Amino acid sequence: MAVTLNEYLVEIDEYVTGEEIIDSDLSKYSLVILDIFMDKINGIEAAKIIMDKNPKISIIFHSVSNDFAEESY
């Protein structure tokens, strides 16, 4: 989905599981927003794999739980 935010064209892709995003073409992303709690692998595990594949990606965690707050840094 393409949207315009503050005069910038932004492409937004949505994935349901961590596996879906780590299997995608990560070279096209500069920012990933992850939930901690996802099916199969959690957001922390997905973030580690994403950073190994493309260390230039910025990651924001969004979750209803503080359980992984320290680890997310």
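The structure we're discussing is the one just above.
From a predicted model like this one, the values you see are computed outputs, not experimental measurements.

### A few points about the environment of I12
The topology assignment puts I12 in the loop between β2 (8-11) and α1 (18-22). According to the relative accessible area criterion, I12 is partly exposed, its value standing at 36%. Once the C-alpha coordinates of I12 and L31 are considered, the two residues, 19 residues apart in sequence, prove to be 9.9 Å apart. Beyond its immediate stretch of four places on either side in the chain, I12 contacts M1 and V3.

### Notes on the packing of aromatic side chains
The way to describe two aromatic rings as a pair is by their centre distance and the angle between their planes. Across all of its chains, the model carries one aromatic pair by this definition. Where Y15 meets Y29, the ring centres are 6.5 Å apart and the plane angle is 85 degrees; that geometry is what we call edge-to-face. Of this pair, Y15 sits in the loop between β2 and α1 while Y29 sits in the loop between α1 and β3 (31-34), and the two are 14 residues apart along the sequence.

About the cut-offs
Residues numbered from 1 in each chain as written. Predicted model: local features only at pLDDT ≥ 70, side-chain atom pairs only at ≥ 80, totals over all residues. Heavy atoms only, no water. Helix = DSSP H or I, 4+ residues; strand = E, 2+ residues; numbered from the N terminus. Buried < 20%, exposed > 50% of the residue type's maximum accessible area, 1.4 Å probe, protein only. Contact = heavy atoms within 4.5 Å. Phe/Tyr/Trp six-rings, centres within 6.5 Å; stacked < 30°, edge-to-face > 60°.

Nothing here speaks to function; it is all geometry.
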